[in-house]
Each structure stands twice: as structure tokens, then as C-alpha cells.
Amino acid sequence: MAVESKVIEHIRNVLETFDDKYILDGRIKKTKVIEDLDRYDHDLIKALLSDDLIHNSYTEKIADVEVFKVNQFIEMLEFKKYWEDSYTKYSNKIGLTAGGKFIDESTDVVLDFPFKDTVLKAGMSKEDLENSNDADEPFLNEVIAKPEIDELFEPKVLVNARRYDNSNRGGYETSSISDDDNLVIKGNNLIALYSLKKRYAGKVKLIYLDPPYNTGSDSFGYNDKFNHSAWLTFMKNRLEIAREMLSDDGMIFIQTDDNEHAYLRVLMDEIFGVNRYLNTITIKAKASSGASGGGEDKRLKKNTEFILLYANDNAQINIQQKPYPLQKYIDERRDLGKNFAYTNVLVNPGKLTKIGETVDGRRNKIELFDVTGAVSKSVKKIMKEENLTEEEVYFKYLDKVYTTENAQTSIRTRVRDAVTDNGYTIARYIPISGKNKGKLTDVGFIGPTKRLVSFLKETTYKEDGVVYKTEKAGTLWEDISWSSIKSEGSVELDNGKKPEKLLQRIIASATDENDIVLDFFGGSGSTAATAHKMNRKYITIEQMDYVREKIVKRLNNVIEGDTTGISKDVNWQGGGSFVYAELMEKNQGYLKDLQKSESIQELMEVYNRMKENADIDFRLDLEKFEEEINTFSSLDKRRKELIRILDKNQLYYNYANIDDENVKDLISDTDYKFNKSFYSN
């Protein structure tokens, strides 16, 4: 009789309580057990977890959710005979799934590999996925036990380094990089972040992330009952290294929908600290009308997304202004029984005569002028005289509409002390702070108490025939349009593309010019393009093969003077540059070929090449493996096993080996010099 492990004995004891349902002739009916576990049979799971040893071995508490690691449990039941004993335990700690249900311990590492180089399909229901021609195109995720990782996070060799600027749209080879350069990297974002660590740790002012939303149809199409742990593990790995990249005055903004928002908040509290949480921003992402499927006949339509904002101790948020149609603002106040203060129009500004001087608190000069001949009319009077609507008056006379305020300012106090008449006085001086800092500025004061004359133009602007009033942006951002994002940057991304105006507000909230912005879910390059136009430095990482077609193309368009997105707002005229580089593939190349193979014949051709040059896990008994691999008739099962035997520590070439003859011969002299430049800092 085979010697059984202690846990198998406990499992057998539990299964025997179901009579012959799971035991036949003294043998465990593994297929039936696995089938019922895949269906999440409540009676079976409840019985298994009632056993203390099984419960302690196969459950994990993550973000206050107790998870039954059912995939790890199944892996233990069905481990393959071709793994050496030293690998068996390891094999039971990891799993490779294709749109499946793998959940592993939070100390493990989730590597995400695109099954095919397709855009993530967002907004699909489970039924849509099952009936779709793309149903066999989920992301593959391998969860690797942390103790088994030795070289995975070592800095990697960078190749195909090219600089892009106005001189050559196609870019040109570059042998160096400086602290002033923008950077686009192609490769696995987790591994790339560790390669960036030495050069950029503690230097990034803003991290903006738009990760896969875990909707059940994107890169984490796991069973809904058990998907949170895997997604959180994936995020945890990346956020831990991201935290090291932030400067002491840095901020991180992470955008999600409601699928993982609550869980992500708990995870962020654990990684960054509860005291560093600032706000949750709600964004109106689409209109409430219209049909979009996804079971929305049973629930309220989703039209919002959320941004979690965390800040390091020395960070200072720059509160931004958001626009609101002025007439709508006036009408809403009127409906609430409130008045709108700006009801006077200075139709004639009058003539200025200097009457004296005073000084501010720093003894800087303030010139004083008396205003004569000024003419003011009410908005209502102009409406009647010129037969205009209220909205038309505000549009026509926007730069002349004013109100008076009982403002408590030091300048007003000094004007009131210096001028004792009841007239209209202008104080001309150079402010030392505020939006007019360093500029010669005229400010008006009127009446015996010298009330401040405040012009509406200071908080409004015109656009497309409409007057907009600006107000401080709080935690509800419903004013940003998503209608034209498809054409922004002259590149398309079927899902996940974010408006440049949204990125503009985020970047302006957290950074100043020349600060570094990091986005390691690069997508179509929206963050990089917006940062470029705002004169920020940026680092973008993306592993999909469309990096050149999307991000590089978009940034080239920006350099050439792209007119979409925020270009008009910031008066973008073009210019600037960026550097592009790729992590040098090793096993990653074989991995991609396995993922793209469309037949068993193609898979086996890749496998034959793997045997010649790939790094295969040293614990594999190759002879036993080849005996069994040919028994798999399913393309996906064979693909799964072939990917599994690749040594994941060797996805890319390590920089530490760049001077080895077998590595140095594979890269150009230019790339060799680029690596020395990149890692010398």
C-alpha cells in the first residue's frame, strides 16, 4: 500500500463520510472530487473545511476575506507523476490557469502573460465570454511561491534602445540615457519595476494606475466567488515595489470600478498605511442612458469609476478647478432660493488719476488711483435695453461683470487707511503670492468701507459659445467628457482608454513641471502623452506587442504637435523626446510562442526549440514528461504543461550576466553601452 501523506489521510476520512460518492474500492475518485470542487459543491467544501488540518492548510485570510485555496487543493490532488519529488511540494504551491480559478497565498507572486496579443475585452458578462469566439483568449497567470524566486527580480538587460525626437520619427539607436529623459519600457511590468528600482527609487512624484478591473472578462476572468485573492495578490506585488519608487512628497492615484474598489482600499491601507489615505474620487465615466448589456436589467447601470488617492507624508495636493456652465449654476442657485452675486456690469471703466502711494506689509509700494467717470449697469437693465437673455448678457459682458465683497485682506486695510472718500479706488501693486504672483496687478475698492471689486472673469472662461464657471474640484468629477477619447492621440484602444483631461487634472494635482510621473499599465499611452504635453517627465511600462503601434506612435504624434486631447488647453506646439527600450527576452520568447500557437503541431515545434535552448525547470524529469505530454489531446492542456516547465526566473536576461560571452554576443554594442549608462546611476 502506498504511503499517504497526513493531509491525504484527512481528506480520505472526510470523503468516506459521503459513502461511495467519492470512494470506490478503497481509491479516491479524484475526477468526481475535482468536478464537485469546480462546481463549488457546498456540502463537500463544508465537510473538507470542517477538518482543522485541511482548513489550516488550504485557507488564507486576505483583506478580511477567508479564501479556500481550491485550485491549490486540486493541484495537490492531481499532481503529475513526471515531477521529481523535490518539485511535488512546489507544484502544489503554484498553479497555471487560463481564465480559471487559481488563488494562492498573498506572499506569492502573480506573473501575468497575455495568452494572445489582444486588447482586453471589458464589460462582458460570463455568458458573453462563454459564447464569444474569444472565450479561449484569457490571460494566463502563474502564481509563483516566493521562496522559489531567486533571480526573478534581478535587474534585466535592456535592448533595442531608441531615442525619438523631432529629428527622426522612426527613432534612432541610443547608447545613453540621462535623468532628463522620458522612458517607455516594453516588458512584464512587475519585472521591469525592479529593473527601474536602482535608478528611480524615491524619485517618482506621481504614480497613476489604471489596472485590469477584474470584471470577470478581462485578465482575471476567475470564478466570481474566488477571484478577489488572485487579483489582490497581483496588485500587492506591484504596489509593494511601486511604494519604493515614490518620493517622500509623492502621491499614488489608482483607478478602478466597483468590482475590486473595496478590497483595494484595504490592501492600500496595508501597504501605504491608513494615515496616508487622502480621498476616494468618484468619476462619471459614461452616461446613464443607453443599453450596454451585462445583466443591467437586474441592477442599476454602472456609470461611475473610482480613484483611490494616497499620499506620502510630505505631499501637498494642488486642488484643481473644474468647470460648470454658468447659466446652469445661476439657475440652480435660483431654484434653491439663493442669489447670484455677480449682477453688475462696468460698462465704462472710467479714467484713472494717481492720488498717492502706500506700502504693503513688506514695505513694497502700492500705487493708489482715483477712478472718475465709471459707469455701471445691472444685468437686468442691459437685458431690457438690448433685448438679450441673461445668458447672452453674461457672455457678451463677461470681462466687465463684477460684484463687491467684504474681503478681509491686508491690501484693503491699507487702502482704507490711505483713502477716506466714498469713491472708486484702484490699488496697483505686485503680489508676492497667488495666481498673479510677480505681476503688476490692479485691484479695485469702492465705497466708504472700500469693498473689494471682484470680477467674474477671474473664475470663468468661454468655450464653444458657453460661459463656464470654475469651482474647486472635490471628490466628484462629473465634468470630464469621455465622448471623444477614441480619437485622442490618433491611436485607438478598444477598452480602457482614459481622457487626457482626466489625466491632466490628476497630474496637475500632484506634480509640478519636470516632476516624474510613472504609469506601469501603459495601455494606449494616455498618461505619457498628457505628461509630455504638461512638461512632466514620465516612465511608462507595457508588455503587450502593441507598444510600438500605440504608445510609441502616440508619443511621436505628440512630439510632432498633436492637436487632440488637452493640446488646446496647454497651447501644445510639439517638441520633446523619449527613449524606448525592451527587456531582453529569454524564456519570455518561448512563452509568447507557446501562447500564440494555434495547433498542437505548432506547440510541439516550439517545445523542440525549447529543449535545445530554453531554461527548463531543473526539477523536471524530461523523460517522464515526454511520455505523458503526448497523451494530452487538448491544445490548452498541452499548452499549460509546456508553459509550466519553463523556468520563470529566466524570462529575461539578467543584467548581472551582460558581460558573459554568451549574453554579450547577443546584443549590439550600442545596447551594451545603453545598459552601462542606465545602471551606472
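Rules used throughout
- Residues numbered from 1 in each chain as written.
- Predicted model: local features only at pLDDT ≥ 70, side-chain atom pairs only at ≥ 80, totals over all residues.
- Heavy atoms only, no water.
- Helix = DSSP H or I, 4+ residues; strand = E, 2+ residues; numbered from the N terminus.
- Buried < 20%, exposed > 50% of the residue type's maximum accessible area, 1.4 Å probe, protein only.
- Contact = heavy atoms within 4.5 Å.
- Areas by Shrake-Rupley, 256 points an atom, 1.4 Å probe, with all protein chains shown as cover.
- Phe/Tyr/Trp six-rings, centres within 6.5 Å; stacked < 30°, edge-to-face > 60°.
- Pairing = 2+ DSSP bridges.
- Axes fitted to C-alpha atoms, helices over the stretch in contact; angles between N-to-C directions.
- Parallel < 35°, antiparallel > 145°, perpendicular 65-115°, else oblique.
- Left-handed = near helix turned anticlockwise from the far one by under 90°.
- Nonpolar A, V, L, I, M, F, W, Y, C, P; charged D, E, K, R; others polar.
- Core = buried A, V, L, I, M, F, W, Y, C linked by side-chain atoms within 4.5 Å.
- Arc of directions from axis to C-beta.

Some points on the overall build of the chain
Each helix and strand counted, the chain has 24 helices and 29 strands in total. Here the chain holds 681 residues, and 52% of them are scored as buried. Put simply, 73% of the contacts in the chain that link residues at least 6 apart link residues at least 24 apart. About 31900 Å² of surface is accessible on the chain, with carbon and sulfur atoms providing 45% of the total.

Let's talk about the environment of threonine 282
When you line up the elements, threonine 282 lands in strand 13 (residues 277–284). Its relative accessible area of 22% is what places threonine 282 among the partly exposed residues. Considering only alpha carbons, one finds threonine 282 and tryptophan 477, 195 residues apart in sequence, at a separation of 6.1 Å. Excluding residues within four positions of it along the chain, threonine 282 makes contact with Thr304, Glu305, Phe306, Thr475, Leu476 and Trp477.

Thoughts on the packing of aromatic side chains
The relation between two aromatic rings is expressed through the spacing of the ring centres and the mutual angle of the planes. Per the stated rule, a full pass over the model turns up 19 aromatic pairs. When the ring of tyrosine 58 is compared with that of phenylalanine 73, the centres are 5.1 Å apart and the planes differ by 85°; the resulting orientation is edge-to-face. A residue pair is termed long-range when its members are at least 10 positions apart, and tyrosine 58 in helix 4 (residues 52–58) and phenylalanine 73 in helix 5 (residues 70–77) qualify at 15 residues. Note on accessibility: tyrosine 58 and phenylalanine 73 belong to one class, buried.

Focus: the pairing of strand 9 (residues 168–173)
Across three bridges, strand 8 (residues 158–165) lies against strand 9 in antiparallel orientation. For arginine 162, the partnering residue across the bridge sits in strand 9 and is glutamate 173. In textbook terms, the turn of a hairpin is the stretch between consecutive antiparallel strands, and for strand 8 and strand 9 this stretch comprises two residues.

Points about the packing of helix 19 (residues 587–596) against helix 20 (residues 600–613)
Packing of helix 19 against helix 20 leaves a shortest axis separation of 9 Å and a crossing angle of 165°. Judged on the interaxial angle alone, helix 20 and helix 19 are roughly antiparallel. In this structure, the crossing between helix 19 and helix 20 has a hand that is left-handed. Residue-level inspection shows Tyr590, Asp593, Leu594 and Lys596 of helix 19 in contact with helix 20, the latter providing Glu602, Leu603, Val606, Arg609, Met610 and Asn613. Partitioning the contact of helix 19 with helix 20 into residue classes produces five nonpolar, one polar and four charged.

A few points about the nonpolar core
Among the nonpolar cores identified, the biggest contains 76 residues, and Leu196, Leu239 and Ile252 are the most heavily contacted of them. Residues contacting leucine 239, with those up to four places away along its chain left out, are Leu209, Ile252, Ile254, Leu264, Leu267, Met268, Ile271 and Phe272. One finds Ile281, Ile507, Val517 and Ile566 within the second-largest nonpolar core, a separate group that totals 40 residues.

Observations regarding helix 21 (residues 622–629)
Within helix 21 the residues assigned to the buried category are Phe625, Glu628 and Ile629. For helix 21, the arc enclosing every buried residue in end-on projection is 95°, short of the 170-degree limit, so these residues lie on one face. When the buried face of helix 21 is taken as reference, the exposed residues oriented beyond 90 degrees from it are Glu623 and Glu627.

Points about the sheet that holds strand 11 (residues 204–209)
Taken in spatial order, the eleven strands line up as 9-8-29-10-28-27-11-12-14-13-26 in an open sheet, and their pairing is mixed. Strands with a single pairing partner mark the edges of an open sheet, and in this sheet they are strand 9 and strand 26 (476–477). The sheet contact formed by strand 10 (residues 183–186) and strand 28 (residues 537–542) spans four bridges and is parallel. Pairing of lysine 186 across the sheet is with glutamate 542, part of strand 28. Sheet strands touched by helix 24 (residues 669–680): strand 8, strand 9, strand 10 and strand 29 (578–583). Its angle to strand 8, the strand with the most contacts, is close to 85°.

Brief notes about the packing of helix 15 (residues 500–510) against helix 16 (residues 526–533)
Between two packed helices, the angle of one axis relative to the other and the distance separating the axes together describe the packing. Two elements in contact, helix 15 and helix 16, have axes separated by 9 Å at closest approach and are oriented at 60°. One element, helix 15, and the other, helix 16, form an angle in the oblique class. Here helix 15 runs over helix 16; the crossing is right-handed. Residue-level inspection shows Glu500, Leu503, Gln504 and Ile507 of helix 15 in contact with helix 16, the latter providing Ser526, Thr527, Ala529, Thr530, Ala531 and Lys533.

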